[in-house]
Amino acid sequence: MEYITSYNLEELRERLAKLGMEKYRAVQILGWIYKKFQTDFDHMTDISKENRKLLKENFFVHPLELKEEVQAEDSTKYLFRTSDGYTVESVLIKERDHLTLCVSSQIGCAVGCKFCATAIDGLVRNLRTEEILDQFLHIQMKILPQRIRNVVFMGMGEPLANYENVRKAVEIMVSPWGIDLSKRRVSVSTSGIVAQIKRMSEDPIMKEVNLAVSINAPSQQLRELLMPISKTNDLSTLMKILKDYPYPKGRRIMLEYVIIKGINDKEEDALSLARLIGKYKSKFKVNLIPYNPDPDLPYERPSLEDIYKFQKVLWENGISAFVRLSKGVNIFGACGQLRKRDVIKLREWKEEKAGLRSS
Ligand code: SF4
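Scoring rules and cut-offs
Residues numbered from 1 in each chain as written. Predicted model: local features only at pLDDT ≥ 70, side-chain atom pairs only at ≥ 80, totals over all residues. Heavy atoms only, no water. Salt bridge = Lys/Arg side-chain N within 4 Å of Asp/Glu carboxyl O. Helix = DSSP H or I, 4+ residues; strand = E, 2+ residues; numbered from the N terminus. Buried < 20%, exposed > 50% of the residue type's maximum accessible area, 1.4 Å probe, protein only. Patch = residues over 30% accessible without salt bridge, like charges linked within 9 Å, V, L, I, M, F, W, Y side chains within 5 Å. Areas by Shrake-Rupley, 256 points an atom, 1.4 Å probe, with all protein chains shown as cover. Phe/Tyr/Trp six-rings, centres within 6.5 Å; stacked < 30°, edge-to-face > 60°. Pairing = 2+ DSSP bridges. Axes fitted to C-alpha atoms, helices over the stretch in contact; angles between N-to-C directions. Polar contact = N/O pair within 3.5 Å; in protein donor to acceptor, adjacent residues only side chain to side chain. Contact = heavy atoms within 4.5 Å. Domains from an automatic or database assignment. Buried area = accessible area lost by both parts, 1.4 Å probe. Core = buried A, V, L, I, M, F, W, Y, C linked by side-chain atoms within 4.5 Å. Parallel < 35°, antiparallel > 145°, perpendicular 65-115°, else oblique. Nonpolar A, V, L, I, M, F, W, Y, C, P; charged D, E, K, R; others polar. Arc of directions from axis to C-beta.

Participant: Hey, could you run me through the pattern of salt bridges in this one?
Facilitator: When the charged atoms of two side chains lie near each other, side chains of opposite charge can form a pair. Scanning the model with the defined rule gives 23 salt bridges in all. A salt bridge links Glu 316 to Lys 312; its shortest N-O distance comes to 3.1 Å. Pair noted here: Glu 316 and Lys 312 are both in helix H10 (residues 304-316), with a separation of four residues, about one helical turn. On the basis of relative accessible area, Glu 316 is assigned to the exposed category, the value being 55%. Overall, Lys 312 belongs to the partly exposed group, its relative accessible area being 47%. Ionic contacts of the salt-bridge type, sharing partners, join the residues Asp 84, Arg 125, Arg 128, Glu 130 and Glu 131 into one network.

Here's what the structure looks like:
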């Protein structure tokens with residue numbers, strides 16, 4: 001048995017042919033899953049009974065099980081369990097006139113940003129294409145008839161360290177035979193792996209979607225402290241590849257800046273960031289993300305006043321900058337906070353099953 005959502009159109013056509021089905025059925029089946037969000041083969045009424053039986057004998061649809069959801073004013077966090085017992089989280093954010101889904105691409109993360117809760121456990125494993133897509137499918141099916149229009153790869157993990165699976169998930173999200181989201185409404189956020197950004201820039205599918213890069217510090221020295229990945233992907237090489245990124249005129253790369261009290265929130269830091277961007281102002285916009293404190297990490301969120309002062313310096317230097325404020329901040333941590341809590345719950349659950357705990 002395999003997951004049908006692990007296939008793109010071409011692959012599914014070939015796979016169906018091997019099962020003795022007509023290749024054109026692939027568009028029909030993917031239409032049921034990604035357009036009508038019907039994932040029960042028995043309800044795919046324009047497929048013959050015989051073929052539905054074949055599908056049921058050969059394919060699953062959902063690799064994830066939805067375990068929990070936590071509501072906040074403007075967002076909902078969803079926690080899934082994988083078939084091998086790990087947890088994955090996604091966040092649905094209600095914006096003024098649309099819904100944005102933030103998906104995870106890995107279980108844990110190897111990048112090790114010092115301010116991030118996901119990094120505490122290190123990398124467990126990559127998510128497969130079908131596990132990335134299933135976050136979307138479960139949530140979309142649950143909230144119908146509302147539609148998710150935007151997807152951001154900003155959940156747990158470094159998407160570009162799981163390139164092939166993320167690429168195929170993006171292909172299925174933006175293809176007319178798939179979910180058919182606008183390419184301008186899918187964003188991939190990276191910690192700044194230079195070689196993978198280059199690969200993305202040369203990839204016909206990936207270069208079309210939005211690129212967001214976590215900068216978090218205006219100098220190599222500070223960035224190395226916050227993001228050890230900077231030692232091998234230094235800031236000047238990263239900025240060079242971003243300045244050369246082949247976006248059409250007018251399209252901007254998002255520089256994400258998690259703003260942390262007493263670490264990177266001073267007006268001099270804003271000025272250094274403006275200098276780093278230099279004359280390439282039209283290529284970038286800066287997203288200031290107030291840090292969400294985690295009880296296990298020694299960092300704090302700056303005051304709103306300091307955040308706005310930082311933003312003002314960027315504006316004064318001609319740089320487009322906005323502050324991402326979530327009203328649902330009580331359920332967000334730095335990425336991965338809810339999962340961390342669930343890791344503990346999962347451990348307890350496993351112990352319970354093994355008879356090591358009474359309840
Ligand atoms: S911030 Fe993102 S890249 Fe950095 S450790 Fe956390 S999940 Fe990984």
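Now, onward.
Participant: What's the story with a nonpolar patch on the surface in this structure? I'm lost.
Facilitator: Residues Leu 304, Tyr 308 and Leu 325 make up a contiguous nonpolar surface patch of roughly 270 Å² in combined accessible area. Mapped onto the secondary structure, Tyr 308 falls in helix H10.

Participant: How should the packing of aromatic side chains be read in this particular structure?
Facilitator: How two aromatic rings sit relative to each other is given by the distance of their centres and the angle of their planes. The full count for this structure, using the stated rule, is six aromatic pairs. Their ring planes at 85° and their centres at 6.0 Å tell us that Tyr 7 and Phe 59 sit as a pair that is edge-to-face. Of the two residues, Tyr 7 sits in the loop between strand S1 (2-3) and helix H1 (9-18) while Phe 59 sits in strand S2 (residues 59-60), which places them 52 residues apart along the sequence. The class of Phe 59 is buried, set by a relative accessible area of 3%.

Participant: Can you help me understand the sheet that holds strand S12 (residues 253-259) in this one?
Facilitator: Strand-to-strand pairing in sheets goes through backbone hydrogen bonds, with the strands running parallel or antiparallel. With mixed pairing, the 10 strands of this open sheet are ordered in space as S3-S4-S5-S6-S9-S10-S11-S12-S13-S14. Unpaired on one side and paired on the other, strand S3 (65-71) and strand S14 (321-323) mark the two borders of the sheet. Geometrically, the sheet is characterised by an average inter-axis angle of 20° between neighbouring strands, direction not taken into account. In this sheet, strand S6 (residues 99-102) lies alongside strand S5 (residues 87-94) in antiparallel orientation, the contact comprising four bridges.

Participant: Honestly, the side chain of Asn 150 in this entry has me stumped. Any pointers?
Facilitator: Within the element layout of this structure, Asn 150 appears in strand S9 (residues 150-153). For Asn 150, a relative accessible area of 15% translates into the label buried. Within the structure, Asn 150 has its side chain in polar contact with the side chain of Arg 185 (distance 2.8 Å). For Asn 150, the residues in contact, after removing those within four places along its chain, are His 98, Leu 99, Thr 100, Leu 101 and Arg 185.

Participant: Got a minute to help me understand the domain arrangement of the protein chain in this structure?
Facilitator: One widely used convention gives an interface's size as the accessible area the parts lose upon coming together. Segmentation of the protein chain into domains returns domain 1 (2-60) and domain 2 (83-347). The centre of domain 1, based on its C-alpha atoms, is set 34 Å off from the matching centre of domain 2. Counting from both sides, the interface comprises 13 residues of domain 1 and, opposite them, 17 residues of domain 2. Across the domain 1/domain 2 interface, buried area totals approximately 1400 Å², and carbon plus sulfur atoms make up 67% of it. Put simply, Lys 168 and Glu 11 hold a salt bridge, and the shortest N to O gap is 2.8 Å. Elements with a contribution of two residues or more to the side of domain 1 that touches domain 2: H1 and helix H2 (25-34).

Participant: Even after reading the chapter, I still don't get the nonpolar core, so can you show me in this structure?
Facilitator: In a soluble, globular protein the nonpolar side chains are often hidden away together inside. If you look at the biggest cluster of nonpolar residues, it comprises 88 residues, and the most contacted ones within it are Phe 153, Val 170, Leu 242 and Val 286. Of the domains in this structure, domain 1 (2-60) and domain 2 (83-347) are the two that each give at least three residues to this core. In contact with Leu 242, not counting residues within four places along its chain, are Ile 197, Leu 211, Val 213, Ile 253, Leu 255, Lys 283 and Phe 284.

Participant: I tried to follow the packing of helix H6 (residues 194-201) against helix H8 (residues 235-243) on my own but got confused; where do I start?
Facilitator: The description of two helices packed together rests on the angle between their axes and the distance between the axes. Close contact between H6 and H8 brings their axes to 10 Å; oriented N to C, the two are set at 5°. Taken together, the axes of H6 and H8 lie roughly parallel to each other. Of the residues in H8, those in contact with Val 194, Ile 197 and Lys 198 of H6 are Thr 237, Leu 238, Ile 241 and Leu 242. Here the residues of the contact of H6 with H8 sort into five nonpolar, one polar and one charged.

Participant: Looking at this structure, how should I read the side chain of Gln 311?
Facilitator: Along the chain, the position of Gln 311 falls in helix H10. Residue class for Gln 311 comes out buried when judged on its relative accessible area of 7%. The residues touching Gln 311, leaving out its near neighbours within four places in the chain, are Leu 288, Ala 321, Phe 322 and Val 323.

Participant: I'm lost on helix H3 (residues 49-58) in this one. Help?
Facilitator: An α-helical turn contains 3.6 residues, so a residue and the one three or four places further along point in the same direction. Of all the residues in H3, the buried ones are Asn 51, Arg 52, Leu 55 and Asn 58. Along the long axis of H3, the arc covered by the buried residues comes to 135°, so they all point the same way. Residues of H3 that are exposed and point over 90 degrees away from its buried face: Lys 49, Glu 50 and Lys 53. Packed against the buried residues of H3 are S1, H1, H2 and S2.

Participant: Before we go on, may I ask you to explain the environment of Ile 139 in this structure?
Facilitator: Tracing the backbone through its elements, the reader meets Ile 139 in helix H4 (residues 129-143). A residue is classified by how much of its surface remains accessible, and Ile 139, at 0% relative accessible area, is buried. Along the chain, Ile 139 and Leu 101 lie 38 residues apart, while their C-alpha atoms are 8.8 Å from each other. Ignoring anything within four residues of it in the chain, the contact list for Ile 139 reads Tyr 78, Phe 80, Ser 90, Leu 92, Leu 101 and Ile 148.

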